[in-house]
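# Secondary and tertiary structure notes
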Amino acid sequence: MPAQQWLLESAGIEPADPSTPSPGAPRSQNARWTANLAAARQFHAREGHLHVPRQHVETTPGSNGDGDQVVKLGAWLDNTRRRAAKLSADRRSALDALAMRSWSAAPSAAVARPNSLPPGNSLRALG
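Summarised in this report is the structure supplied together with it. (Residues numbered from 1 in each chain as written. Predicted model: local features only at pLDDT ≥ 70, side-chain atom pairs only at ≥ 80, totals over all residues. Heavy atoms only, no water.)

Here we take up the overall build of the chain. Assigned secondary structure in the chain consists of five helices and two strands. In the chain, the succession of α and β elements from N to C terminus is α-α-β-β-α-α-α. Counting across all 127 residues of the chain, residues that qualify as buried make up 23%. Look at the contacts in the chain between residues 6 or more apart in sequence, and 33% of them connect residues 24 or more apart. Roughly 10,000 Å² of accessible area belongs to the chain as shown, and the carbon and sulfur atoms make up 55% of that amount. (Helix = DSSP H or I, 4+ residues; strand = E, 2+ residues; numbered from the N terminus. Buried < 20%, exposed > 50% of the residue type's maximum accessible area, 1.4 Å probe, protein only. Contact = heavy atoms within 4.5 Å. Areas by Shrake-Rupley, 256 points an atom, 1.4 Å probe, with all protein chains shown as cover.)

Next up, the structure:
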């Protein structure tokens, strides 16, 4: 190891200062979920609803004094709504408590649509 240090120092590369913090590991999935849920709670408390445009970005205070966190809240809510059936019961109940909507795993009933036009309303009759 000393030979590597000597080579790096001779090339002009100095060792990192031990007092400077090193970049942290990527956040875990649970940490991201918690940050996104906190952003949703903040938005709901401020606006009174969660009809968030997909492009909306929410800024929340960072944990442990890390500075502000930027959360893509609109995209997260849209994706979460689409994947509601795959959410754990704990996560669904956390979202239910936020009064977003019912996050049950059962998909909503589809609206029945006729396969054809009513009698006498044919597209051929228009031509």
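Let's pick the thread back up.
Here helix 2 (residues 29-47) spans 27 Å end to end across 19 residues, near enough to the 27 Å set by a 1.5 Å rise per residue. Inspection of helix 2 places W33, A35, N36, L37, A39, A40 and F43 among the buried residues, and these make up the whole buried set. In this fold, the buried residues of helix 2 make contact with strand 1 (58-61), strand 2 (68-71), helix 3 (73-82) and helix 4 (89-97). Just downstream of helix 2, G48 is the residue with a positive phi angle, here 85 degrees. (Expected span 1.5 Å × (residues − 1).)

Let us look at the layout of surface pockets. In this model, the largest pocket occupies a volume close to 370 Å³. In terms of lining residues, the largest pocket is bounded by 14 residues, among which W33, N36, W76, T80 and R83 are the most central. If you list the elements that add at least two residues to the lining of the largest pocket, you get helix 2 and helix 3. Taken together, the residues that form the lining of the largest pocket break down as four nonpolar, four polar and six charged. (1 Å grid on protein atoms, 1.4 Å probe; cavity = no way out; pocket = protein on both sides within 12 Å on 5 of 7 lines; lining within 4 Å. Points joined across faces, edges and corners; volume = space filled by probe spheres on them. Nonpolar A, V, L, I, M, F, W, Y, C, P; charged D, E, K, R; others polar.)

A few words now on the packing of helix 2 against helix 3. Contact geometry for helix 2 and helix 3: axes closest at 10 Å, N-to-C directions at 105 degrees. Relative to helix 3, helix 2 is oriented roughly perpendicular. Between helix 2, through W33, N36, L37, A39, A40 and F43, and helix 3, the contact on the second element is made entirely by L73, W76 and T80. (Axes fitted to C-alpha atoms, helices over the stretch in contact; angles between N-to-C directions. Parallel < 35°, antiparallel > 145°, perpendicular 65-115°, else oblique.)

Where helix 2 meets helix 4, the closest approach of the two axes is 12 Å, and the angle between their N-to-C directions is 10 degrees. By the angle between their directions, the pair helix 2 and helix 4 is classed as roughly parallel. From helix 2, Q29, N30, W33 and L37 reach across to helix 4, where they touch R91, A94 and L95.

This brings us to the side chain of R91. Within the secondary structure, R91 sits in helix 4. Here R91 occupies a buried position and makes no salt bridge, while the nearest side chain of opposite charge, D90, is found at 7.7 Å. Polar contacts involving the side chain of R91 include one to the side chain of N30, which spans 2.9 Å. Aside from chain neighbours lying at most four places away, what touches R91 is Q29, N30 and W33. (Lys, Arg positive; Asp, Glu negative; His and termini not counted. Salt bridge = Lys/Arg side-chain N within 4 Å of Asp/Glu carboxyl O. Polar contact = N/O pair within 3.5 Å; in protein donor to acceptor, adjacent residues only side chain to side chain.)

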